[in-house]
Every structure is written in C-alpha cells, then in structure tokens.
Amino acid sequence: MKIQLQRLRRFLQLATAQTRTVTIDQGPDRGGENTGFRPTELWLIGLSACSVTTMTRYVEDKGWSVDDIHVSAEDFMNEQGDIARIEFQVTIKGQINDEQKLELLTHVKNNCKLLRTVASQIEIQYTEATRLAEAAPAVCHLADGSCCS
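These figures come from a predicted structure and were not determined experimentally. Here the residue numbers are simple positions, counted from 1 along each chain's written sequence. Two thresholds apply to this predicted model, a pLDDT of at least 70 for residue-level local features and 80 or more for giving and counting side-chain atom pairs, whereas whole-chain, interface and lining totals are computed over all residues. As a convention, hydrogens and water are excluded, and side-chain values are obtained from all of the structure's heavy atoms.

A. Layout of the pairing of strand β5 (residues 83–95). Two elements, strand β4 (residues 65–77) and β5, share 12 bridges in a ladder whose sense is antiparallel. Each residue of the ladder has a partner; that of Glu74, found in β5, is Glu87. In sequence, β4 turns back onto β5 through a hairpin of five residues, with Gly81 there showing a positive phi of about 90°. At least two DSSP bridges between two strands are needed for those strands to be called paired. Each helix is a run of H or I in the DSSP string that is no shorter than four residues. Each strand is a run of E no shorter than two, and both are numbered from the N terminus. Pairing analysis gives six bridges linking β5 to strand β6 (residues 123–128), with the strands arranged parallel. Counterpart to Val90 in the pairing with β6 is Glu128.

B. Main features of the sheet that holds β4. Read across the open sheet, the three strands follow the order β4-β5-β6; overall the sheet is mixed. The open sheet has two free edges, formed respectively by β4 and β6, since each of these has just one partner strand. Between one strand and the next, the sheet's axes are offset by a mean angle of 20°, whatever the strand orientation. By definition, residues are in contact when any of their heavy atoms lie within 4.5 Å. What counts as an axis is a line fitted to C-alpha atoms, over the stretch in contact for a helix, and the angles between N-to-C directions run from 0 to 180 degrees. Contacts between helix α1 (residues 39–62) and the sheet are confined to β4, β5 and β6, with β4 contributing the most and set at about 150° to the helix. Contacts from helix α2 (residues 98–111) reach β5 and β6 within the one sheet, and its direction differs from that of β6 by about 160°.

C. Main features of the nonpolar core. Core analysis: the biggest nonpolar cluster contains 24 residues, and Met55, Ile86, Phe88, Val90, Leu104, Ile124 and Tyr126 have the highest contact counts within it. Breaking this core down by element, the ones donating at least two residues are α1, β4, β5, α2, α3 (113–118) and β6. With six residues, the single largest contributor to this core is α1. With residues near it in sequence (within four places) discarded, Ile124 still touches Ile86, Phe88, Lys109, Leu115, Val118 and Ala119. To define a nonpolar core, start from buried Ala, Val, Leu, Ile, Met, Phe, Trp, Tyr and Cys residues and group those joined through side-chain atoms within 4.5 Å. Accessible area is worked out with a 1.4 Å probe on protein chains only. A residue is then buried under 20% of its type maximum, exposed over 50%, and partly exposed in between.

D. Seen up close, the packing of aromatic side chains. In summary, the pairing rule links any two rings of Phe, Tyr or Trp, Trp by its six-membered ring, whose centres are within 6.5 Å, and it sorts them by plane angle into stacked for under 30 degrees, edge-to-face for over 60 and tilted for everything else. Per the stated rule, a full pass over the model turns up two aromatic pairs. With a centroid separation of 4.6 Å and 10° between ring planes, the pair formed by Phe88 and Tyr126 is classed as stacked. Here Phe88, found in strand β5, pairs with Tyr126, found in strand β6; they are 38 residues apart in sequence, far enough to count as distant. The class of Phe88 is buried, set by a relative accessible area of 0%. A relative accessible area of 11% means that Tyr126 is categorised as buried.

E. Quick look at the pattern of salt bridges. We define a salt bridge as a contact between a side-chain nitrogen of Lys or Arg and a carboxyl oxygen of Asp or Glu at a distance within 4 Å. All told, the structure shown has four salt bridges when counted by the stated rule. Across the salt bridge formed by Arg85 and Glu87, the nearest N and O atoms sit 2.9 Å from each other. For Arg85, a relative accessible area of 23% translates into the label partly exposed. Between Lys101 and Glu128 there is a salt bridge, with its nearest N and O atoms 2.8 Å apart. Note that Lys101 is positioned in helix α2 and Glu128 in strand β6, a separation of 27 residues in sequence. Given a relative accessible area of 35%, Glu128 falls into the partly exposed group.

Written out as structure tokens, the structure reads:
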C-alpha cells in the first residue's frame with residue numbers, strides 16, 4: 001500500500017491512495033479551517049471499517065443471515081491526552097441469535113488486523129448497541145456504494 005500526502009496550506013492536506021483522494025484538516029479550535037477530516041477521525045473510521053469488513057467476512061464464512069452491520073465508535077482520552085480506550089457500538093440486523101452475536105463480537109476484537117496493531121496499547125470494547133446510533137448513517141446513492149453522503 002502506498003499513499004501520497006500534499007500539504008495545500010497550513011493544516012489542510014490532500015491525501016491520495018490509488019485514484020481516490022480525501023482532504024485532511026484540523027478544526028478551528030486547533031488552528032484549521034474544518035474543511036476536511038481530522039487525522040484522528042480518519043484513523044477511527046479506518047478501525048471501524050476494518051471491523052465491519054472482518055465481521056462481514058465472518059458472517060459470510062459462517063453462512064449466517066445478516067442484512068446489515070452498523071458501527072458507531074468513540075475514543076476516550078487518558079489524563080495525558082492519549083487515546084486510552086475505543087468503544088464500538090454494533091447494531092446487527094438479520095437472523096442472528098445472541099450467542100452468534102457474542103461470537104461475532106469476540107471474533108472481530110481478536111481478528112481485525114488494524115485493531116491487533118493497537119490493542120496492546122488501547123483498550124478495545126465491542127458491545128451490541130441497544131438502539132441505532134444517534135447520527136444518521138451514510139446513504140449510498142450508487143449500487144456499488146462508491147458514493148455516500
């Protein structure tokens with residue numbers, strides 16, 4: 001994997017991977033213009049996406065009937081300002097029982113490649129959400145999911 005990063009001005013950056021780009025910036029409280037994702041947001045998005053991918057592969061391998069997996073993630077800081085814990089709230093829709101859900105959440109915690117790189121330093125928690133996340137999930141307008149809003 002290879003990425004390229006170009007600084008456009010102050011904290012605003014353009015990151016490119018293959019043929020895709022994303023803007024990165026800081027919020028106004030940190031001297032940025034709030035015109036792109038903060039680096040820590042991208043990191044948390046990456047961990048969450050890797051988690052969903054790991055769960056999707058697992059349910060497919062098991063032959064379980066799962067229609068949707070929704071993840072909401074939040075990081076928590078310690079006294080030094082370092083990320084000490086990440087909590088993932090997972091909503092799973094489909095024909096899956098409580099025992100299978102527990103097996104799935106245990107599997108993702110132990111097998112997500114990105115999480116394994118940080119799990120020795122940061123506490124990772126997965127729990128089944130009792131309700132959908134308060135923020136509305138992205139809505140994909142294209143069949144392949146490549147355009148989300």
